[in-house]
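Spelled out, the chains give:
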Amino acid sequence: MSPETVKSQETKAKLLEGALRTLTEQGIAKTSARTVAAAAGVNQALVFYHFGSVDELLAAACRYGAEKAVASYRTRLAAVSSLSELLAVGREIHERERADGHVALLGQLLAGAPTHAALGPAAAGGLDLWIAEIEQVLRRVLAATPFGEFADPVGLARAIAASFVGIELYEGVDEAGAHAALDALEQLGALVAALEELGPVAQRAVRLHLRRTSRR
């Protein structure tokens with residue numbers, strides 16, 4: 001790789017990081033080529049040279065941030081062995097993402113989507129990365145439970161991701177309520193864990209009941 005290519009990639013990375021930092025600290029309304037370039041420590045003309053427009057830079061930054069975040073938790077998620085553990089890990093991720101300012105960033109991305117056309121698909125793409133990881137965990141942990149043949153891992157993964165997005169945004173106006181919602185999800189996980197610990201005869205009975213219910 002030539003020195004020029006390395007320098008170009010470094011500049012793009014600075015702009016991506018600068019865009020994420022500007023969105024988090026100043027909000028979508030104050031995010032511009034000037035403010036992003038200032039945060040990145042580069043000339044603002046480089047925004048247009050590398051990305052064509054501010055909206056395209058923000059979309060690329062959204063994807064970049066999501067890819068980094070998902071990659072940082074991939075090993076942890078791969079070690080999850082139950083639904084209750086998945087929900088507990090989700091809470092850990094929520095707390096860490098909030099502390100790092102990523103919850104505020106998500107709020108800004110969603111707020112900017114109606115007026116910045118590129119942000120909506122980029123934010124959805126970022127969420128899809130999380131959903132894909134959650135789906136893999138669900139397929140693995142539900143397979144050995146009475147729910148394995150009845151649950152829809154794809155839909156359930158989206159429901160879990162949507163729940164955490166909603167809780168993250170809700171926390172800004174009602175922190176206690178958001179924590180109560182997280183507690184409720186963990187209680188649901190505990191109920192599922194209790195079913196997982198049933199003996200084979202009881203699990204067979206649960207499966208038969210679910211089959212009858214699903215036929216109605």
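This report concerns the structure included in the present document. (Residues numbered from 1 in each chain as written. Predicted model: local features only at pLDDT ≥ 70, side-chain atom pairs only at ≥ 80, totals over all residues. Heavy atoms only, no water.)

## A short note on the environment of T145
Considering the arrangement of structural elements, one finds T145 in the loop between α7 (119–142) and α8 (153–170). The spatial distance from the C-alpha of T145 to the C-alpha of L83 is 10.0 Å, given a sequence separation of 62 residues. (Helix = DSSP H or I, 4+ residues; strand = E, 2+ residues; numbered from the N terminus.)

## As for the nonpolar core
Judged by nonpolar contacts, the single largest core of 26 residues is most densely connected at L15, L57 and L58. Counting only elements with at least two residues in this core, the list comes to α1 (3–26), α2 (33–40), α3 (45–51), α4 (54–78), α6 (102–112) and α7. Top contributing element to this core by residue count: α4, with 7 residues. With near-sequence residues (within four places) excluded, L15 lies in contact with V36, A40, V42, L46, V47, H50, F51 and L57. Within the second largest apolar cluster, 25 residues are counted, among which are V80, I93, L142 and L185. (Core = buried A, V, L, I, M, F, W, Y, C linked by side-chain atoms within 4.5 Å. Buried < 20%, exposed > 50% of the residue type's maximum accessible area, 1.4 Å probe, protein only. Contact = heavy atoms within 4.5 Å.)

## A closer look at the packing of helix α5 (residues 83–99) against α7
Running from N to C, α5 and α7 point in directions that differ by 155°, and their axes come no closer than 10 Å. Between α5 and α7, the crossing angle belongs to the class labelled roughly antiparallel. In this structure, α5 meets α7 at a crossing whose hand is right-handed. Note on element contacts: α7 touches α5 through W130, I134, V137, L138 and V141, opposite L83, L86 and I93. (Axes fitted to C-alpha atoms, helices over the stretch in contact; angles between N-to-C directions. Parallel < 35°, antiparallel > 145°, perpendicular 65-115°, else oblique. Left-handed = near helix turned anticlockwise from the far one by under 90°.)

## A few points about the packing of aromatic side chains
Counted by the stated rule, this structure contains 1 aromatic pair. Ring plane angle 40° and centroid distance 5.7 Å describe the contact between Y73 and W130, whose orientation is recorded as tilted. With Y73 in helix α4 and W130 in helix α7, the pair connects residues that are 57 residues apart, well separated along the chain. By relative accessible area, which is 6% here, Y73 ends up buried. Judged by relative accessible area, W130 falls into the buried class, the value being 18%. (Phe/Tyr/Trp six-rings, centres within 6.5 Å; stacked < 30°, edge-to-face > 60°.)

## Some thoughts on α2
All of the buried residues in α2 are A33, T35, V36, A37 and A40. G41 lies just past α2 and shows a positive phi near 75°.

## Some words on the side chain of T35
Within the secondary structure, T35 is located in helix α2. At 2.8 Å, the side chain of T35 forms a polar contact with the backbone nitrogen of S32. Residues in contact with T35, not counting those within four places in the same chain, are T22, Q26 and K30. (Polar contact = N/O pair within 3.5 Å; in protein donor to acceptor, adjacent residues only side chain to side chain.)

Bear in mind that shape data such as this cannot, by itself, settle questions of function.
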